[in-house]
Amino acid sequence: MTSNNNNDVDGWWSGLPLKRVVRVHGATARELADSVNPLPTDAPSLVFFTIDPPSATRTGDLVEAMVTELENAAVDSAPLWLTEFDHHSGTSTLERRAARTAAVRLAAGTAHFGPYLGSLADAAVAQRSPRRAAFTLETRAAGSARVLATAQRRTTTALVLVVPAGVDAAVAGTAAEWLCSHAQMAVWPTGDGASNMDRFPSVSVRAPAVPAGVDTVLDRFRPLSYPPIAGHPHPASEPEKRLYRALDLHEWAAGREHNRSIRLGELSRPFTVDVLWRTERVVVEIDGNEHRAAERFAEDHVRDNQLQTRGYMVLRFTNAQVMDDPHRAVATIRDAVSRRRSKGDPR
């Protein structure tokens, strides 16, 4: 079945069912992902899972892969849902016990399953993968979906299933139905391979085109991708989290914003920056290996020029620079912010 709905008025996710499997077409997966970076306030908790065709020959294997990645994302997102989580704490038995206790307390009076939530908290503090054998696949699926919704301050989670050409439509379709039923989350298949999943209704949506050279969360994180929450480092980005923790130790770093959108003019396209001091007009970007490509380097240069002509100072660090020597990066940022403050309003 195919409907002619067009959900681009309030966002492509608007009007899509939150408890069914529905195919989505009319926009590429990268366009869908870029349009929700950072996650809009009116969208459900959104995650994208890109199927690897060689590994999608059996439904059970695909379901296990999807649930495992949802679970990993839930652990990475612990600072967003576990208010007692301390970025600077150790991994001792005492800290882990405290995290489990806080998680069980959070679960009380909610739909969260306390023992499972406690195991995720323990894994987050211990910086390891959760013990999956202790819980059924159904418990893990539903539990991780609830945690991701809580982490992003939403009541429900929707998974955009990116189905490349060549993927067995029956395997992908059955896995989507299983996840929708047992995790109680929407599953929206898209991509070239989704066109063969004709047992599900299809909805046409629109999203803005992604300019050449721009990387999306689908380019940065695989197989599971999801947008950051405005104001926080991306849970799956170790360099962003490392810089956040390093800056968090200093009073002068107050007032900064993480993963914030900037629009330079009424007609210009908004874009997201990693760290922003809005008053001082200082922008910090952390670049992965994809930024070395000639096309991406040129795009970065154009965007930096646009920011600089509007009075922003742009500092760029590679992932390696932040991970290997965060204190040096912090010192460079401190000097830039301090100079802007000493000169007053940079505009």
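What comes next concerns the included structure. Model, not experiment: these values are computed from the prediction. Residue numbers restart at each chain and count upward from 1, following the sequence in its written direction. In keeping with the predicted nature of the model, local features appear solely for residues at pLDDT of at least 70, side-chain atom pairs appear and are counted solely at 80 or more, and the whole-chain, interface and lining totals rest on all residues. The side-chain numbers reported here are obtained from all heavy atoms of the structure, hydrogens and water having been left aside.

### Quick look at the overall build of the protein chain
Inclusion rule: By definition, any uninterrupted DSSP run of H or I lasting at least four residues is a helix, any uninterrupted run of E lasting at least two residues is a strand, and each is numbered from the N terminus. Buried, partly exposed and exposed residues are distinguished by accessible area as a fraction of the type maximum, computed with a 1.4 Å probe on protein chains only: under 20%, between the cut-offs, and over 50%, respectively. The criterion used for residue contact is that any of the two residues' heavy atoms lie within 4.5 Å. Residue-level accessible areas treat just the shown protein chains as cover; the underlying method is Shrake-Rupley with a 1.4 Å probe. In this tally, Asp and Glu contribute negative charge and Lys and Arg positive charge; neither His nor the terminal groups of the chain are included. We put the charge of a Lys on NZ, of an Arg on CZ, of an Asp on CG and of a Glu on CD.
Counting secondary structure elements, the protein chain contains 12 helices and 11 strands. Projected onto its principal axes, the C-alpha coordinates of the protein chain cover approximately 60 × 50 × 35 Å. Within the protein chain, the proportion of its 347 residues that are buried is 51%. For the protein chain, the proportion of contacts with a sequence separation of at least 24, taken over those separated by at least 6, is 73%. When the accessible surface of the protein chain is totalled, it reaches about 16100 Å², and 50% of it is carbon and sulfur. One finds the centroid of the 41 positive side-chain charges in the protein chain at a distance of 4 Å from the centroid of its 41 negative side-chain charges.

### What about the side chain of Thr156?
By the secondary structure assignment, Thr156 is in the loop between α6 (137-151) and β4 (157-162). Residue Thr156 is classed as buried on the basis of its relative accessible area of 16%. Those residues in contact with Thr156 that sit more than four places away from it in its chain are Leu18, Pro44, Ser45 and Ala149.

### A closer look at the pairing of strand β9 (residues 271-277)
The condition that has to hold: Should DSSP find at least two bridges between two strands, the strands are regarded as paired.
Taking burial as the measure, the 7 residues of β9 include 7 buried ones, the bulk of the element. Bridging between strand β8 (residues 256-262) and β9 involves 6 bridges; their strand directions are antiparallel. The partner of His258 across the bridge, within β9, is Val275. Bridge count between β9 and strand β10 (residues 282-287): 3 bridges; the pairing is antiparallel. Within β10, the position partnered with Leu276 by the bridge is Val283. Between β9 and β10, which pair antiparallel and follow one another directly, the connecting turn spans 4 residues, one of which, Arg281, has a positive phi of 55 degrees.

### A word on the sheet that holds strand β7 (residues 224-225)
With mixed pairing, the 4 strands of this open sheet are ordered in space as β5-β4-β3-β7. Each end of this open sheet is capped by a strand with a single partner; those strands are β5 (186-190) and β7. Sheet topology note: the strand β3 (residues 45-50)/β7 ladder contains 2 bridges and is antiparallel. Residue pairing in the sheet places Phe48 in a bridge with Ser225 of β7.

### Points about the packing of helix α5 (residues 114-126) against α6
Basically, it comes down to this: Every axis in this analysis is a line fitted to C-alpha atoms, fitted for helices over the stretch in contact. Angles between the N-to-C directions lie between 0 and 180 degrees. Roughly parallel means an angle under 35 degrees; roughly antiparallel, over 145; roughly perpendicular, 65 to 115; everything else is oblique. When the near helix sits turned anticlockwise from the far one by under a right angle, the crossing is termed left-handed; a clockwise turn instead gives a right-handed crossing. Residue type decides the class: Asp, Glu, Lys and Arg count as charged, Ala, Val, Leu, Ile, Met, Phe, Trp, Tyr, Cys and Pro as nonpolar, and the leftover types, Gly among them, as polar.
Two elements in contact, α5 and α6, have axes whose closest approach is 10 Å; the angle formed by their N-to-C orientations is 70 degrees. On the basis of the axis angle, α5 is roughly perpendicular to α6. By crossing handedness, the relation of α5 to α6 is classed as right-handed. Contacts from Tyr116, Leu117 and Leu120 in α5 reach Thr139, Arg140, Gly143, Ser144 and Val147 in α6. In the contact of α5 with α6, the residues fall into 4 nonpolar, 3 polar and 1 charged.

### Things to note about the pattern of salt bridges
Rules: Each reported salt bridge corresponds to a side-chain nitrogen of Lys or Arg within 4 Å of a carboxyl oxygen of Asp or Glu.
In the structure shown here, the tally under the stated rule is 20 salt bridges. One salt bridge in this structure joins Arg128 and Asp122, with 2.3 Å as the shortest N-O distance. When its relative accessible area of 3% is taken as the criterion, Asp122 is described as buried. The network of salt bridges with common partners includes Arg96, Arg100, Asp122, Arg128 and Arg131.

### Some remarks on the packing of aromatic side chains
Put simply, the rule reads: Side-chain rings of Phe, Tyr and Trp (the six-membered ring for Trp) are treated as a pair once their centres are within 6.5 Å; stacked means planes under 30 degrees apart, edge-to-face means over 60, and tilted covers the remaining angles.
The full count for this structure, using the stated rule, is 5 aromatic pairs. Summarising the aromatic geometry, the rings of Phe113 and Phe135 are spaced 6.3 Å apart at their centres and angled 90 degrees between planes, so their arrangement reads as edge-to-face. In this pair, Phe113 sits in the loop between α4 (93-107) and α5 while Phe135 sits in the loop between α5 and α6, placing the two residues 22 residues apart along the sequence. Measuring from ring centre to ring centre gives 6.2 Å for Trp252 and Trp277, while their planes differ by 20 degrees; the resulting arrangement is stacked. With Trp252 in the loop between α9 (238-247) and β8 and Trp277 in strand β9, the pair connects residues that are 25 residues apart, well separated along the chain. What links up through ring pairs into an aromatic cluster is the set Trp12, Trp13 and Trp188.

### As for the sheet that holds strand β11 (residues 313-318)
Strands sit in the order β8-β9-β10-β11 across an open sheet of 4 strands; the sheet is mixed. Looking at the sheet topology across the chains shown, the edges are occupied by β8 and β11. Geometrically, the sheet is characterised by an average inter-axis angle of 35 degrees between neighbouring strands, direction not taken into account. In the packing of helix α12 (residues 326-342) onto the sheet, the strands contacted are β9, β10 and β11, and the crossing angle to β11 comes to about 180 degrees.

### Things to note about the pairing of β3
Where burial is concerned, most of β3 is hidden: 6 out of the 6 residues are buried. Relative to β4, β3 is paired through 6 bridges, and the arrangement is parallel. Bridge pairing links Val47 to Leu159 in β4.

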